[in-house]
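# A closer look at the structure
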Amino acid sequence: MGNLIATRPPQPWTAPTASDPVAATLRLPGSKSMTARALVLSALAGGPSTLAGPLRARDTELMAAGLRAMGAHMSISDDERWLVRPHPLVGPAHVDVGLAGTVMRFVPPVAGLADGRITFDGDPQARTRPLGPLIGALRSLGARVDAPATGSLPLTVLGTGRVAGGEVVIDASASSQLVSGLLLAAPRFDRGVVVRHVGPPVPSAPHLRMTVQMLRAAGAAVDDGTPDVWVVEPGPLTGRGWEIEPDLSGAVPFFAAALVTGGEVTLQGWPRSSAQPVEQLRSLLQRMGGEVTLSTDGLTVRGTGAVHGLEADLSDVSELTPALTALAMLADSPSVFTGVGHIRGHETDRLTALAREFAALGADITESPDGLEIRPRPLHGGVFETYHDHRMAHAAAVAGLAVPGIELSDVACTSKTMPEFPALWSALVTGKS
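Given the structure is predicted, the values throughout are model-derived calculations rather than measurements.

Along its length, the protein chain carries 12 helices and 23 strands. Relative to a compact globule of 433 residues, whose C-alpha radius of gyration would be 22 Å, the protein chain shows 21 Å and is just as compact. Its C-alpha atoms give the protein chain principal-axis dimensions of roughly 60 × 45 × 45 Å. Every one of the 433 residues in the protein chain was classed for burial, and the buried ones make up 58%. Partitioning the intrachain contacts of the protein chain with sequence separation of at least 6 by distance along the chain shows that 74% fall at a separation of at least 24. For the protein chain, the computed accessible surface area is about 15600 Å², with 50% contributed by carbon and sulfur atoms.

Its place among the elements puts glutamate 385 in the loop between strand E22 (382-384) and helix H11 (390-400). The class of glutamate 385 is buried, set by a relative accessible area of 4%. Polar side-chain contacts of glutamate 385 include one of 3.1 Å to the side chain of serine 409.

Across the junction of glycine 91 and proline 92, the peptide omega takes the value 0 degrees, indicating a cis bond. The topology assignment puts proline 92 in the loop between strand E5 (81-85) and strand E6 (93-96). The linkage connecting leucine 153 with the following residue, proline 154, adopts the cis geometry, with an omega of -5 degrees. With respect to the element layout, proline 154 can be found in the loop between strand E8 (145-146) and strand E9 (155-160). In this structure, serine 204 takes a positive phi of about 55 degrees despite not being glycine.

Right, let's get into the sheet that holds E6. Read across the open sheet, the four strands follow the order E6-E7-E9-E8; overall the sheet is mixed. The sheet terminates laterally at E6 and E8, the two strands that pair on one side only. Sheet analysis places E6 next to strand E7 (residues 115-121), joined by four bridges and oriented parallel. Its bridge partner being in E7, alanine 93 is matched across the sheet by isoleucine 118.

This next bit is on the sheet that holds strand E21 (residues 371-375). Strand order in the open sheet formed by four strands is E18-E19-E21-E20, and the pairing between neighbours is mixed. Two strands lie at the open edges of the sheet, namely strand E18 (311-313) and strand E20 (364-368), each paired on one side alone. Between one strand axis and the next, the sheet turns by 10 degrees as a mean value, whatever way the strands run. As judged from the five bridges shared by E20 and E21, these two strands associate in the antiparallel manner. Across the sheet, serine 368 pairs through a bridge with glycine 371, a residue of E21. Strand contacts of helix H10 (residues 350-360): E20 and E21, with the helix running at about 165 degrees to E20, the strand carrying the most contacts.

Take the pattern of salt bridges next. For the structure shown, the criterion picks out 18 salt bridges. Here arginine 56 and glutamate 61 are joined by a salt bridge, their closest N and O atoms 2.9 Å apart. Between arginine 391 and glutamate 319 there is a salt bridge whose closest N-O contact spans 2.7 Å. Within this pair, whereas arginine 391 is found in helix H11, its partner glutamate 319 is found in the loop between E18 and helix H9 (321-329), the two being separated by 72 residues in sequence.

Burial along E6 is one-sided: the face carrying Ala93 and Val95 is buried and the face carrying His94 and Asp96 is not. With helix H3 (residues 101-111) bridging E6 and its parallel neighbour E7, the resulting β-α-β unit is right-handed.

In this section: the pairing of E5. Side chains Trp82 and Val84 of E5 all project onto a buried face; the interleaved residues Arg81, Leu83 and Arg85 project onto a face where none is buried. Across four bridges, strand E3 (residues 49-52) lies against E5 in antiparallel orientation. Looking across to E5, one finds that threonine 50 is bridged to leucine 83. With antiparallel pairing between neighbouring strands as the criterion, strand E4 (residues 73-75) and E5 make up a hairpin whose turn holds five residues.

Rules used in this analysis
Residues numbered from 1 in each chain as written. Predicted model: local features only at pLDDT ≥ 70, side-chain atom pairs only at ≥ 80, totals over all residues. Heavy atoms only, no water. Helix = DSSP H or I, 4+ residues; strand = E, 2+ residues; numbered from the N terminus. Rg over C-alpha atoms; globule rule 2.2 N^0.38 Å. Buried < 20%, exposed > 50% of the residue type's maximum accessible area, 1.4 Å probe, protein only. Contact = heavy atoms within 4.5 Å. Areas by Shrake-Rupley, 256 points an atom, 1.4 Å probe, with all protein chains shown as cover. Polar contact = N/O pair within 3.5 Å; in protein donor to acceptor, adjacent residues only side chain to side chain. Pairing = 2+ DSSP bridges. Axes fitted to C-alpha atoms, helices over the stretch in contact; angles between N-to-C directions. Salt bridge = Lys/Arg side-chain N within 4 Å of Asp/Glu carboxyl O. Right-handed = clockwise from strand over helix to strand, strands pointing away.

Honestly, that's just the spatial picture; any functional story needs more than this.
See below:
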């Protein structure tokens with residue numbers, strides 16, 4: 001199990017309780033996953049790029065700052081349009097990863113291409129997140145990496161301006177980001193890369209498909225036709241305009257609110273063809289009692305007045321586990337979620353944290369090695385520890401729609417991916433913007 005690190009700020013935030021069905025049309029911030037990948041690809045491209053509708057949040061600002069520290073020009077003062085101009089990557093530089101898995105796994109391969117010493121460290125909890133497979137892979141591809149024997153932060157990449165590349169075997173069962181980090185930088189490696197995954201299934205497959213899709217959009221030659229093997233040919237990346245989709249993971253608590261209250265929520269600006277796992281989410285919400293439609297107005301979820309439990313393998317959409325767990329607490333039948341043992345290594349051990357905090361509110365919830373079993377029963381108010389984890393805060397907010405008196409120990413942790421969350425959530429529930 002991962003470590004649970006809890007602190008208790010002096011003023012908890014009380015989650016608002018809904019007295020009426022919610023009815024809202026929202027425009028949410030851009031996808032964290034797409035913003036992070038676009039920043040890396042833009043920093044490695046042969047010309048300037050723009051990001052339209054990027055996510056401005058702690059994780060993405062840390063990504064931009066890390067790439068800027070190595071020499072890339074990042075103009076991110078305009079919330080709606082960021083400009084990236086690539087420059088030769090050089091050290092010495094320090095990269096603060098915060099608690100962002102994308103920064104700690106995407107930027108070290110880029111640092112191998114820098115000429116100089118690049119150091120990495122972050123929040124105390126970041127030192128518990130798995131990096132060993134990435135460190136080993138970089139070393140086998142020709143990069144020099146100094147790191148603790150634990151295979152964790154802090155680490156130093158001693159860049160020489162180039163990485164040989166070649167074939168590497170990696171166990172990426174802890175995180176798909178371990179593969180994505182290698183693939184994103186691979187076009188700039190002398191021989192590209194062939195990544196072979198060996199081990200339990202790689203979680204969050206849609207994120208890997210997004211990586212491949214965005215690499216191809218930037219001009220890279222990628223072959224992912226063989227299961228658990230990714231081949232990226234060496235070659236230039238092209239600067240381009242990136243249209244960042246709204247963040248699907250960030251939207252899930254708002255969609256859950258429609259089911260809990262029997263209301264309706266529309267997310268504006270949703271593309272007809274998405275790089276995110278919309279179909280998986282649509283299926284899950286429909287099975288739990290929602291109606292999901294995509295139109296010119298956006299992606300709309302309607303509650304039907306009932307929330308149903310379900311059995312589901314969430315390995316492809318593990319980021320949704322906390323919000324769906326809260327939804328399952330309010331369902332009319334039990335739920336069993338599996339395939340998400342790897343989220344024990346996320347911002348906190350999410351399975352233990354969810355089980356612990358909901359049990360403290362009266363829930364009948366049991367954790368298994370790779371999931372949760374939820375048997376709904378009435379909950380009561382109380383303080384819900386967030387463990388610096390934005391998804392834990394989302395879960396508490398969803399439960400608070402139906403359970404008065406749930407107090408989040410630290411709602412500010414939502415700034416990791418959505419600084420606007422407390423204001424947006426309160427406006428959704430009260431109907432006042």
